[in-house]
Amino acid sequence: MSRIVLRVNGREHAVEADPETPLLFVLTDQLGLRGPRFGCGLAQCGSCTVLRNGQAIRSCVTAAGEVGTDEITTLDGLGTPENPHPIQRAFIEEGASQCGFCLSGVILTAKATLDANPHASDDEIRKAMNGVLCRCFTHTRMIRAIRKYAEENKHENA
Ligand code: FES
Ligand code: FES
């Protein structure tokens, strides 16, 4: 066991953990976050996605001990129920979530893609979302919500 200090959602957290522990388990079991979810544990579904310095990564295959001082953002850290992030608001407005299990992967991957390239085409967005699985098959509404956020984001970055 080692003392690991993580920067998560704008705050520093010190935990006792084996450095090889998947970041996902530290975030959920030790920090009590409910955004990232355990789906496959094999980097294949995306439900454990978090942002690491703005890039979408799969926390089920990232060792907690190798994160260092990088800033981790989970879906919990994006907005609040009272003040959702614009991409979360777009999902609410489009009714784009069912059970919500996949949303860390869907929302954070889309956000990271559009933050890096506000002018991403539909094809580029679809390609980036490849490998992010939704069991509820709300893909059409999700793409609509992502497109809505993309349009707003584009204007902000114009
Ligand atoms: S739980 Fe990490 S990709 Fe499926
Ligand atoms: S909304 Fe249920 S898995 Fe995607």
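Presented here is a report on the structure given in the accompanying data block. (Residues numbered from 1 in each chain as written. Chains lettered and ligands numbered in written order. Predicted model: local features only at pLDDT ≥ 70, side-chain atom pairs only at ≥ 80, totals over all residues. Heavy atoms only, no water.)

## Some details on the environment of Thr74
Thought 1: Residue position: Thr74 is located in the loop between strand S5 (71–73) and helix H2 (86–93).
Thought 2: Each C-alpha atom, one on Thr74 and one on Leu42, is 19 Å from the other, the two residues being 32 residues apart in sequence.
Thought 3: Contacts of Thr74, omitting those with residues within four sequence positions, involve Val8, Asn9, Leu27, Leu33, Pro36, Val50 and Leu108. (Helix = DSSP H or I, 4+ residues; strand = E, 2+ residues; numbered from the N terminus. Contact = heavy atoms within 4.5 Å.)

## Re the side chain of Asp70
Thought 1: Tracing the backbone through its elements, the reader meets Asp70 in the loop between strand S4 (55–58) and S5.
Thought 2: Among the polar contacts made by the side chain of Asp70, one reaches the side chain of Asn53 at a distance of 3.2 Å.
Thought 3: The contact partners of Asp70, leaving out residues within four places of it in the chain, are Arg7, Arg52 and Asn53. (Polar contact = N/O pair within 3.5 Å; in protein donor to acceptor, adjacent residues only side chain to side chain.)

## Focus on empty space enclosed by the protein
Thought 1: Summed over all chains, the structure comprises one cavity of 30 Å³ or more.
Thought 2: Of the voids in this model, the largest cavity is the one considered here, and its volume is about 40 Å³.
Thought 3: Along the walls of the largest cavity sit Asp122, Ile125, Arg126, Ile143, Ile146 and Arg147, which together make up its complete lining.
Thought 4: Among the secondary structure elements, those contributing two or more residues to the lining of the largest cavity are helix H4 (122–129) and helix H5 (139–156).
Thought 5: A class-by-class count of the residues in the lining of the largest cavity yields three nonpolar, no polar and three charged. (1 Å grid on protein atoms, 1.4 Å probe; cavity = no way out; pocket = protein on both sides within 12 Å on 5 of 7 lines; lining within 4 Å. Points joined across faces, edges and corners; volume = space filled by probe spheres on them. Nonpolar A, V, L, I, M, F, W, Y, C, P; charged D, E, K, R; others polar.)

## Overview of helix H3 (residues 103–116)
Thought 1: With 14 residues, H3 extends 19 Å between its outermost C-alpha atoms, agreeing within 8% with the 20 Å of an ideal straight helix rising 1.5 Å per residue.
Thought 2: Burial analysis of H3 places 12 of its 14 residues in the buried class, the great majority of the element.
Thought 3: Leu103, Ser104, Gly105, Val106, Ile107, Leu108, Thr109, Ala110, Lys111, Ala112, Thr113 and Leu114 are the residues of H3 that are buried. (Expected span 1.5 Å × (residues − 1). Buried < 20%, exposed > 50% of the residue type's maximum accessible area, 1.4 Å probe, protein only.)

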